[in-house]
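# Observations on the model geometry
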Amino acid sequence: AQSVSQHNHHVILSEAASLELGCNYSYGGTVNLFWYVQYPGQHLQLLLKYFSGDPLVKGIKGFEAEFIKSKFSFNLRKPSVQWSDTAEYFCAVASGTYKYIFGTGTRLKVLA
Amino acid sequence: EAGVTQSPTHLIKTRGQQATLRCSPISGHTSVYWYQQALGLGLQFLLWYDEGEERNRGNFPPRFSGRQFPNYSSELNVNALELEDSALYLCASSLGDRGRETQYFGPGTRLLVL
């Protein structure tokens, strides 16, 4: 069965620290990959997405993600986090049958 | 531009009853998705509607059903409610779908089954 794993459930960082959130999926075919974010009190919203081409994708607010096909991974990164990045982050995969599978989420807390 | 709206915001039911949840997509969006977000389980894909048709469903029993109306709004029905159906139900919409469209999420309906 298809699945998406986010290994870090809770992450606490100080401002200016670098961030990397892991995302691994299991599906052998073509996939489209997404990172969504939910800020406190707000709706889920898209951070970035990857379909094809350059495996390094840039999103909003300085986030980027790298698709490594051989590792079935799509990790999210940010060189220097801010307090306002405190949120829950979800990795998602859309398979060829357009079933969307979300990971269980990673709660990030950035200390000012 | 109005976002995705959902009603009601909260719903309390007892075991065995039926629940109906509603979703209005962003104007111009034809695809509507339903997700269940239970504690610790992330978002579980429930249903996808596009142009009035059910296009795909997740691994949920048939008592989870829904429909999409001609104005693209959607309804999720949960029959024979069980305690474990207690969760936040999220609706999202997009401009059609080929697995690439950004989904825009609503605030959710929190269902509590007693």
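Now for a quick tour of the structure. Quantities reported herein were computed from a predicted structural model and do not represent experimental measurements. (Residues numbered from 1 in each chain as written. Chains lettered and ligands numbered in written order. Predicted model: local features only at pLDDT ≥ 70, side-chain atom pairs only at ≥ 80, totals over all residues. Heavy atoms only, no water.)

## Quick word on the overall build of chain A
Our working definition: Helix and strand definitions follow DSSP, with helices as H or I runs of at least four residues and strands as E runs of at least two, each counted in order from the N terminus. Put simply, the radius of gyration uses C-alpha atoms, and a globule should come to 2.2 Å times the residue count raised to 0.38. Buried means the residue's accessible area, taken with a 1.4 Å probe over protein chains only, is under 20% of the maximum for its type, while exposed means over 50%, and partly exposed covers the values in between. By definition in these notes, contact holds between two residues if any of their heavy atoms fall within 4.5 Å. For every accessible area listed, the method is Shrake-Rupley and the probe measures 1.4 Å; residues are considered covered only by the protein chains on display.
A tally of helices and strands in chain A yields zero helices and 12 strands. Reading the helices (α) and strands (β) of chain A from amino to carboxyl end gives β-β-β-β-β-β-β-β-β-β-β-β. Taking 2.2 N^0.38 as the reference for a compact globule, 112 residues should give roughly 13 Å; the C-alpha atoms of chain A span a radius of gyration of 13 Å, in line with that estimate. Projected onto the principal axes, the alpha-carbon positions of chain A cover approximately 40 × 25 × 20 Å. A buried classification covers 46% of the 112 residues belonging to chain A. Long-range pairs, those at least 24 residues apart, make up 54% of the contacts in chain A between residues at least 6 apart in sequence. Taken as a whole, chain A presents about 5,400 Å² of accessible surface, with 54% of it coming from carbon and sulfur.

## Points about the sheet that holds strand β7 (residues 64–68) of chain B
Residue and element names in this part refer to chain B. Rules: In this scheme, strands are said to pair when DSSP sees at least two bridges between them. Axes here refer to lines fitted to C-alpha atoms; in helices the fit is confined to the stretch in contact. Angles between the N-to-C directions go from 0 to 180 degrees.
Taken in spatial order, the four strands make up an open sheet running β1-β3-β8-β7, and their pairing is antiparallel. The sheet terminates laterally at β1 (5–7) and β7, the two strands that pair on one side only. Neighbour to neighbour, the strand axes of the sheet diverge by 20° on average, direction disregarded. Note that strand β3 (residues 19–24) and strand β8 (residues 74–78) share five bridges and pair antiparallel. In the strand pairing of β8, Arg22 is matched with Glu75.

## Notes on the interface of chain B and chain A
Note the following rule: Summed over both partners, the accessible area lost on bringing two parts together, with a 1.4 Å probe, is the buried area. N or O atoms closer than or at 3.5 Å make up a polar contact, with two conditions inside protein: a donor-capable atom paired with an acceptor-capable one, and, for residues adjacent in sequence, both atoms drawn from side chains. The residue classification treats Ala, Val, Leu, Ile, Met, Phe, Trp, Tyr, Cys and Pro as nonpolar and Asp, Glu, Lys and Arg as charged. All others, Gly included, are polar.
In this complex, chain B contributes 24 residues to the contact, which on the side of chain A involves 17 residues. Summed over both sides, the interface of chain B with chain A buries roughly 1,800 Å², with 54% coming from carbon and sulfur. Put simply, chain B and chain A have three residue pairs in polar contact (both at pLDDT 80 or more) between them. Elements supplying a minimum of two residues to the side of chain B that touches chain A: β4 (31–37), β5 (43–50) and β6 (53–57) of chain B. Taken together, the residues of the side of chain B that touches chain A break down into nine nonpolar, 10 polar and five charged.

## What to know about the state of the cysteines
To keep it simple, the criterion reads: Only a pair of cysteine sulfur atoms within 2.5 Å qualifies as a disulfide here.
Scanning all chains against the criterion turns up two disulfides over all chains. Shown here is the disulfide that connects Cys23 of chain A with Cys91 of chain A, its sulfur atoms set 1.9 Å apart. Judged by the sign of its S-S torsion, about -65°, the bond between Cys23 of chain A and Cys91 of chain A is left-handed. Within this pair, whereas Cys23 of chain A is found in the loop between β3 (19–21) and β4 (24–26), its partner Cys91 of chain A is found in strand β10 (residues 87–94), the two being separated by 68 residues in sequence. Classification of Cys23 of chain A by relative accessible area gives buried; the value is 0%. Here Cys23 of chain B is linked by a disulfide to Cys91 of chain B, with a sulfur-sulfur distance of 1.8 Å. Linking Cys23 of chain B and Cys91 of chain B, the disulfide has an S-S dihedral of approximately -60° and is accordingly described as left-handed. Remark: Cys91 of chain B occurs in strand β9 (residues 87–94) and Cys23 of chain B occurs in strand β3; sequence separation between them is 68 residues. Residue class for Cys23 of chain B comes out buried when judged on its relative accessible area of 1%.

## As for the environment of Cys91 of chain A
On the basis of relative accessibility, which here comes to 0%, the residue Cys91 of chain A falls in the buried class. On a C-alpha basis, the gap between Cys91 of chain A and Gln6 of chain A in space is 7.3 Å, while along the polypeptide they are 85 residues apart.

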